[in-house]
Protein chains: 2
Amino acid sequence: MRLRQLGEQALLDWIRKRAGRKEFSGISGGGRGPLLLGIGDDAAVFRVGTGGKKNKNKKALATSDMMLEGVHFDLRYQTPYQLGFKLVSVNVSDIYAMGGQPRLAFFEIGAPSETPVEFVKQLFEGVFDALRVYKAQLAGGDVCASRSGLVLNMSVIGEGEKIVKRSGARAGDRLYVTGPLGDSACGLALLRKIGRPVPIGKYVPMGKPVSTKKKGLPAPSAPPDSPLPWDIMRPLLERHLMPLAKRPPKNATAMMDISDGLLIDVIRLCKESAVGVKIYEASIPVSPQMRQAAQTLGIDALALAKTGGEDYELLYTAEAGKEDGGILIGEIIGSGYYMAAPSGADKSKSKSKRFRAGGYEHFSDV
Amino acid sequence: MRLRQLGEQALLDWIRKRAGRKEFSGISGGGRGPLLLGIGDDAAVFRVGTGGKKNKNKKALATSDMMLEGVHFDLRYQTPYQLGFKLVSVNVSDIYAMGGQPRLAFFEIGAPSETPVEFVKQLFEGVFDALRVYKAQLAGGDVCASRSGLVLNMSVIGEGEKIVKRSGARAGDRLYVTGPLGDSACGLALLRKIGRPVPIGKYVPMGKPVSTKKKGLPAPSAPPDSPLPWDIMRPLLERHLMPLAKRPPKNATAMMDISDGLLIDVIRLCKESAVGVKIYEASIPVSPQMRQAAQTLGIDALALAKTGGEDYELLYTAEAGKEDGGILIGEIIGSGYYMAAPSGADKSKSKSKRFRAGGYEHFSDV
């Protein structure tokens, strides 16, 4: 069935039912969780960041991300389930990057009238599954017809007590990341080579559930003409298709998530903090899978790690020794952006070079 | 200049500067208003619906609306300034419809790289001017390239103490609207006949400011080939292009805004409240301008008032006599949807007929 056959109201009814209608007990009564009134009225009603006696310093957080067909995603490689999951993760990552916890999500979708209803439902399944991972709830949104491809937007509202801004880095702080970089960009390169959806998450290809639990169903495995073994590709594809947002460390002085690439994002953080940075090139973490895949694809692994986007690792600064599990990749200095590369055979010596931003920018002529 | 020449970062910098950067005094310090940290970080930080001792029943509200080129708007008739203004009003209307006040707005825009920078700036001017009218503040959003026309999304966060849901109507309540219906649909019909942007709001046609204040500039007037005098068309065009959201009455038992048409929306309200309705057909308010324009256009004025969308008047129920300025158009009954039309010459007698929904539905086959 197509959306034009189902109609807007029936779709909204399905979403509302699926979202669980946890509102119930009424506005003034004791709804559990922050959502007091969910889908179905003119606006959602909620309480977030309200403090109370115990934690009166709680504040609310809100972020939003738009994802457009042909710009942010490609339906030739991505399934609706994967897309929905990713849209949530991308937003939650921004909330984590402020040191907060996600609470509510608002999902707006514009879809052509010819879109199969099953496609939209799987998109929502991805959204709901991701929201469950992050313990957040769908609270509202908008559904409309589109004449120009699939248009997705999500806003996530969260709350936090100790908010970590981009502007808190000070000279002497160390620079950390929460995990290896470049995996997502490498996953995208693999995906383009494979040229069709891969069995990451549920329902791949569309309509056929993927499961390793039920007997009789094969475990998801690489497409037959894959350029590399599945255990090499899988974590990279996963990181691109269904990234998991990283939980924030406790002692960050400044923080942001890496969405456009390490170099462009580290410069953004430095600009907000009015500081400079020295990155230790040899310390930029690269996963063994990425290193191997990059070699096969003929791409420079380190370049991917420096400028590849969509990793959704957190980039943060903290006092030396307060890294809280992060990987040390540099230090904050007074001014200038330097890359300290090991020089010659003696890797203990290093030579610093200035670097410029590299990464993804919208509307770019390049 | 085009967006691809300006680049994403420069556009974001302009927006951030234009939005006023009122954040500053720091997270824990005393920022004025609900916004503690605005544009420029991973997420906005705010306090809304937090109560305090005086009003501990305050809750937060959130709503969002997507507007797509070719579906919700047509750039042949609408200017970016008008679009931006309308996007805010449409969202604020939803907040008012819950009995709340708007506080913060989040604006997401996807635009082709070839879009003139001036176009985007005028779009934002419309947003900022509308936000000023409603005393709300731009708190964040997203900007990205689009390969398929202009894509707009807005979320507005508000707060309210006495929240009015759709579900509060009870048999015996009276049904009210805040103003005449069908003006917007009639304005759209006029606009299509005129076939180009009209001087409602600033900057029409694009780039040329419209002003009646400065000497030497002519007052905005109708295009030379207009089907009707300007004083007839102007309020109708205004209502379609730059609607003003209506402030909520005080005693509503149930409320929503009329966005898709009176009949479809009144049925939605009744369904949520599990009640029926009898509408007095002769009481449905029609403006004299609409009546005259509809006649010229050969459209049935009453049909426009019943099913025309985008009026953004509030539809609400209240106890008899507690209308608070609204126009009485019917009464809530136990079940069924009836239209009471005056019968024959004696208008005091009326004949009730069942009615079905009529109005706008997305994805509709019709």
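Please refer to the structure higher up on the page.
Conventions used here
- Residues numbered from 1 in each chain as written.
- Chains lettered and ligands numbered in written order.
- Predicted model: local features only at pLDDT ≥ 70, side-chain atom pairs only at ≥ 80, totals over all residues.
- Heavy atoms only, no water.
- Helix = DSSP H or I, 4+ residues; strand = E, 2+ residues; numbered from the N terminus.
- Buried < 20%, exposed > 50% of the residue type's maximum accessible area, 1.4 Å probe, protein only.
- Contact = heavy atoms within 4.5 Å.
- Axes fitted to C-alpha atoms, helices over the stretch in contact; angles between N-to-C directions.
- Left-handed = near helix turned anticlockwise from the far one by under 90°.
- Nonpolar A, V, L, I, M, F, W, Y, C, P; charged D, E, K, R; others polar.
- Phe/Tyr/Trp six-rings, centres within 6.5 Å; stacked < 30°, edge-to-face > 60°.
- Least-squares fit on C-alpha atoms with pLDDT ≥ 70 in both.
- Expected span 1.5 Å × (residues − 1).
- Pairing = 2+ DSSP bridges.
- 1 Å grid on protein atoms, 1.4 Å probe; cavity = no way out; pocket = protein on both sides within 12 Å on 5 of 7 lines; lining within 4 Å.
- Points joined across faces, edges and corners; volume = space filled by probe spheres on them.
- Buried area = accessible area lost by both parts, 1.4 Å probe.
- Salt bridge = Lys/Arg side-chain N within 4 Å of Asp/Glu carboxyl O.
- Polar contact = N/O pair within 3.5 Å; in protein donor to acceptor, adjacent residues only side chain to side chain.

Engineer: I keep staring at the overall build of chain A and nothing clicks. Help me out?
Structural biologist: The helix and strand tally for chain A stands at 9 helices and 13 strands. Within chain A, the fraction of its 366 residues that count as buried is 56%. Relative to all contacts within chain A whose residues are 6 or more apart in sequence, the contacts with residues 24 or more apart total 81%.

Engineer: Quick question: what am I supposed to make of the packing of helix 3 (residues 80-96) of chain B against helix 4 (residues 117-134) of chain B here?
Structural biologist: Two packed helices can be described by the angle between their axes and the distance between those axes. All names here are of chain B. It is at 6 Å that the axes of helix 3 and helix 4 come closest, and there the two elements cross at 35°. Where helix 3 crosses over helix 4, the two elements pack in a sense that is right-handed. Judged by residue contacts, P80, Y81, L83, G84, F85, V88, S89, V92 and Y96 of helix 3 engage F119, Q122, L123, E125, G126, V127, D129, A130, L131, V133 and Y134 from helix 4. In terms of residue class, the contact of helix 3 with helix 4 is built from 14 nonpolar, 4 polar and 2 charged.

Engineer: Got a minute to help me understand the packing of aromatic side chains in this structure?
Structural biologist: Any aromatic ring pair is given by two values, namely how distant the centres are and how the planes are angled relative to each other. Residue and element names in this part refer to chain A. On inspection of all chains with the given rule, the structure shows 12 aromatic pairs over all chains. For the pair W14 and F124, a centre-to-centre distance of 6.0 Å together with 85° between the ring planes defines the contact as edge-to-face. Of this pair, W14 sits in helix 2 (residues 8-18) while F124 sits in helix 4 (residues 117-133), and the two are 110 residues apart along the sequence. Grouping aromatic residues by their ring pairs yields a cluster made of W14, F107, F124 and F128.

Engineer: Before we go on, may I ask you to explain the relation of the copies chain A and chain B in this structure?
Structural biologist: In the superposition of chain A on chain B (RMSD 0.0 Å, axial shift 0.0 Å), the rotation amounts to 180°. What the rotation and shift describe, once combined, is the action of a two-fold rotation axis. The C-alpha atom lying nearest the rotation axis in chain A is that of T50(A); the distance is 2.4 Å. The fraction of interface residues of chain A whose copies in chain B are also interface residues reaches 100%, indicating that both copies meet through the same surface.

Engineer: In this structure, what is going on with helix 3 (residues 80-96) of chain A? I would like to understand it.
Structural biologist: Each α-helix turn comprises 3.6 residues. Residues three or four places apart therefore point the same way. In this model helix 3 of chain A runs 24 Å from its N-terminal to its C-terminal C-alpha over 17 residues, within 8% of the 24 Å that 1.5 Å per residue would give. In terms of residue burial, helix 3 of chain A counts as a mostly covered element, since 17 of its 17 residues are buried.

Engineer: I'm lost on the sheet that holds strand 1 (residues 35-37) of chain B in this one. Help?
Structural biologist: Strands pair in a sheet through their backbones, by hydrogen bonds, and they do so in one of two ways: parallel or antiparallel. Spatially, 5(A)-4(A)-6(A)-3(A)-2(B)-1(B) is the arrangement adopted by the 6 strands of the open sheet, whose pairing is mixed. In this open sheet, the two strands that pair with only one neighbour each are strand 5 (137-145) of chain A together with strand 1 of chain B. Across this sheet, the average inter-strand angle for adjacent strands is 25°, counted without regard to direction.

Engineer: Whenever I open this one, empty space enclosed by the protein confuses me. Can you help?
Structural biologist: Unfilled space is identified by rolling a water-sized probe across the atoms. Evaluation of the coordinates by the stated rule reveals 3 cavities of 30 Å³ or more. Taken as a whole, the largest cavity spans an internal volume of roughly 80 Å³. What lines the largest cavity is simply A62(A), F106(A), S155(A), I157(A), A62(B), T63(B), S64(B), F106(B), S155(B), V156(B) and I157(B). Elements represented by at least two residues in the lining of the largest cavity include exactly strand 6 (151-160) of chain A together with strand 3 (59-68) and strand 6 (151-160) of chain B.

Engineer: It is not clear to me how the interface of chain A and chain B should be interpreted in this structure. Could you clarify?
Structural biologist: Many structure descriptions define interface size as the accessible area lost when the parts assemble. Counting residues at the interface gives 75 residues for chain A and 75 residues for chain B. Between chain A and chain B, a total of about 5900 Å² is buried, with carbon and sulfur atoms accounting for 53% of that surface. Three residues stand out in chain A for area buried against chain B, namely D42(A), M66(A) and F363(A), and they jointly supply 15% of the buried area on that side. For the pair chain A and chain B, the interface holds 6 salt bridges. Of the charged contacts, one joins D41(B) and R166(A) as a salt bridge, the two residues approaching to 3.6 Å between their closest N and O atoms. Scanning the region where chain A abuts chain B turns up 28 residue pairs in polar contact (both at pLDDT 80 or more). It is strand 3 (residues 59-68) of chain A that provides the largest number of residues to the side of chain A that touches chain B, a total of 9 residues. Each residue belonging to the side of chain A that touches chain B can be placed in one class, and the counts come to 33 nonpolar, 21 polar and 21 charged. The pairing of strand 2 (residues 44-46) of chain A with strand 3 of chain B spans 3 bridges and is classified as antiparallel.

Engineer: Explain the pairing of strand 11 (residues 327-333) of chain A here, please?
Structural biologist: Regular strands place their side chains on alternate faces of the sheet. Relative to strand 11 of chain A, strand 7 (residues 174-177) of chain A runs antiparallel, the two being bridged by 4 bridges. Paired with V177(A) across the bridge in strand 11 of chain A is I327(A).

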